[in-house]
Amino acid sequence: MAFLSVRNLTKRFSGLTANNDISLDVPEGSLFAVIGPNGAGKTTFFNMVSGFLAPTAGTIEFAGTDVTRMRQDKIAAMGLIRTFQLVQMFQGMSVAENVEVGCHLRTRGGVGSALVRPPWLRRQEAELRAKAHELLGFVGLGAQAKMSAELLPYGQQRLLEVARAMAAEPRLLLLDEPAAGLNAHETDALAAVIQQINARGVTVLLIEHDVGLVTRIAHRIAVLDFGCKIAEGTPDEIKRHPDVIAAYLGTETTDA
Ligand SMILES: Nc1ncnc2c1ncn2[C@@H]1O[C@H](COP(=O)(O)OP(=O)(O)OP(=O)(O)O)[C@@H](O)[C@H]1O
Ligand SMILES: [Mg+2]
């Protein structure tokens, strides 16, 4: 049984089939990528896996448990943690506080109580600060810990989001286009961080537009097009796959 096992997942929005009968197995410990053109259905797939959208049909199993219609906070509590395609900073909070909030994604109360800070939570704060500090160092933002998060350059905000997701101690980390809007140098730094996360034992499911990044770091890649999975394989197999080249790679600048 795969760590994440998706069977026949389908999502219809009135007239549109955003995900059409998608099946996928993500092995524990792997760095697995989902690629596809704009509107292919990648974020919809993530929204269903993480409990933000109910599927029209199909099943999702995570770590041996059927999570198909489970609430998003329950899924997060099991260790399935996601980031969002658009940067979501907590305004008016420091970089370190933004990471500390992430620690509560898996604990009782969730983010809401993290913002209110009841007494039982304050007792844990020293521990949280140490953990946030470690994670900021890990993503290369140690020097920015006290800065206001919204003042960070965009590329560093994306790294901050990854640190915040890591604070929730994911077993499976879903990253939705973390390299969107990054320059080549920032993308390289992010790629290294994602690989180190995986080396720490976290299974990673990565949505990306940057085919060069994905073929460099992913162990295995699934390709979506118009809501359907049209291919799956190793980076080398994907780069050579005629349907993938026709649907996607042929329209992109790649380093392949
Ligand atoms: N809540 C919704 N209601 C109606 N249609 C939606 C909804 N969410 C997504 N869609 C549609 O479903 C299709 C797939 O969208 P999705 O966001 O999953 O694609 P994507 O692969 O993530 O695209 P991108 O690369 O641009 O992020 C698109 O046609 C989109 O307009
Ligand atoms: Mg998307």
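Here, the structure is the one placed above.
Residues numbered from 1 in each chain as written. Chains lettered and ligands numbered in written order. Predicted model: local features only at pLDDT ≥ 70, side-chain atom pairs only at ≥ 80, totals over all residues. Heavy atoms only, no water.

Novice: I keep staring at the coordination of the magnesium ion (ligand 2) and nothing clicks. Help me out?
Specialist: Each angle at a metal carrying four tetrahedral donors should ideally be 109.5 degrees, and each at a metal carrying six octahedral donors should ideally be 90 or 180 degrees. Surrounding the magnesium ion (ligand 2) are the protein donor atoms Thr43 (OG1) and Gln85 (OE1), which sit 2.0 to 2.3 Å from the metal. Of this pair, threonine 43 sits in helix α1 (residues 42-49) while glutamine 85 is found in the loop between β6 (80-82) and α3 (95-103), placing the two residues 42 residues apart along the sequence. Taking relative accessible area as the criterion, threonine 43 reaches 24% and is therefore assigned partly exposed. (Donors = N, O, S within 2.8 Å, 3.2 Å for Na, K, Ca; no water. Helix = DSSP H or I, 4+ residues; strand = E, 2+ residues; numbered from the N terminus. Buried < 20%, exposed > 50% of the residue type's maximum accessible area, 1.4 Å probe, protein only.)

Novice: What is the right way to read the pairing of strand β9 (residues 220-225) from this model?
Specialist: Counting buried positions along β9 yields five of six residues, so the element is predominantly enclosed. Where strand β3 (residues 31-35) meets β9, four bridges bridge the pair, whose relative direction is parallel. From the neighbouring strand, isoleucine 35 faces β9, where its bridge partner is valine 223. Across five bridges, β9 lies against strand β10 (residues 228-233) in antiparallel orientation. What sits directly across from aspartate 225, in β10, is cysteine 228. Between β9 and β10, which follow one another and run antiparallel, lie two residues, and phenylalanine 226 among them has a positive phi close to 50 degrees. (Pairing = 2+ DSSP bridges.)

Novice: Just checking my understanding: could you explain the side chain of lysine 42 for this structure?
Specialist: Relative to the elements of secondary structure, lysine 42 occurs in helix α1. No salt bridge forms around the buried lysine 42; measuring N to O, its nearest opposite-charge neighbour glutamate 177 is 4.2 Å away. For lysine 42, the side chain forms a polar contact with the main-chain oxygen of glycine 36, separated by 2.8 Å. Excluding anything up to four places from it in sequence, lysine 42 contacts Val34, Ile35, Gly36, Pro37, Glu177, Ile207, His209 and Leu224. (Lys, Arg positive; Asp, Glu negative; His and termini not counted. Salt bridge = Lys/Arg side-chain N within 4 Å of Asp/Glu carboxyl O. Polar contact = N/O pair within 3.5 Å; in protein donor to acceptor, adjacent residues only side chain to side chain. Contact = heavy atoms within 4.5 Å.)

Novice: Teacher, can you tell me more about the packing of aromatic side chains here?
Specialist: Any pair of aromatic rings gets described here by the distance separating the centres and the angle formed by the planes. Throughout the structure, instances matching the rule amount to two aromatic pairs. Seen from their ring centres, phenylalanine 52 and phenylalanine 84 are 5.5 Å apart, and the 80 degrees between their planes marks the pair as edge-to-face. In this pair, phenylalanine 52 sits in the loop between α1 and β4 (57-62) while phenylalanine 84 sits in the loop between β6 and α3, placing the two residues 32 residues apart along the sequence. In this structure phenylalanine 52 comes out as partly exposed when scored by relative accessible area, which is 35%. A residue is classified by how much of its surface remains accessible, and phenylalanine 84, at 25% relative accessible area, is partly exposed. Here the guanidinium or amino end of arginine 82 rests over the ring plane of phenylalanine 52, the centre of that ring lying 4.8 Å away. Cation over ring: arginine 200 sits above phenylalanine 138, and NZ or CZ is 3.8 Å from the ring centre. (Phe/Tyr/Trp six-rings, centres within 6.5 Å; stacked < 30°, edge-to-face > 60°. Lys NZ or Arg CZ within 6 Å of the ring centre and 35° of its normal.)

Novice: When you look at the sheet that holds β3 in this model, what are you seeing that I'm missing?
Specialist: Note on sheets: strands pair through backbone hydrogen bonds, and any given pair is parallel or antiparallel. Across the sheet, which stays open at both edges, the six strands sit in the order β6-β7-β8-β3-β9-β10 with mixed pairing between neighbours. In this open sheet, the two strands that pair with only one neighbour each are β6 and β10. Pairs of neighbouring strands in the sheet enclose a mean axial angle of 15 degrees, with direction left out of account. Contacts between α1 and the sheet are confined to β3, β6, β7 (172-176), β8 (203-208) and β9, with β8 contributing the most and set at about 150 degrees to the helix. (Axes fitted to C-alpha atoms, helices over the stretch in contact; angles between N-to-C directions.)

Novice: Help me out: how do you make sense of the pattern of salt bridges in this one?
Specialist: Pairing between side chains of opposite charge can happen when their charged atoms approach one another. Counting across every chain of the model gives ten salt bridges. Here lysine 131 and glutamate 169 are joined by a salt bridge, their closest N and O atoms 2.9 Å apart. Of the two residues, lysine 131 sits in helix α6 (residues 125-139) while glutamate 169 sits in the loop between α7 (154-167) and β7, which places them 38 residues apart along the sequence. One salt bridge in this structure joins glutamate 161 and arginine 164, with 3.9 Å as the shortest N-O distance. Of this pair, glutamate 161 and arginine 164 both sit in helix α7, three residues apart, which is roughly one turn of the helix. Like arginine 164, glutamate 161 is buried. What you see here is one network of salt bridges that share partners, running through Arg158, Glu161 and Arg164.

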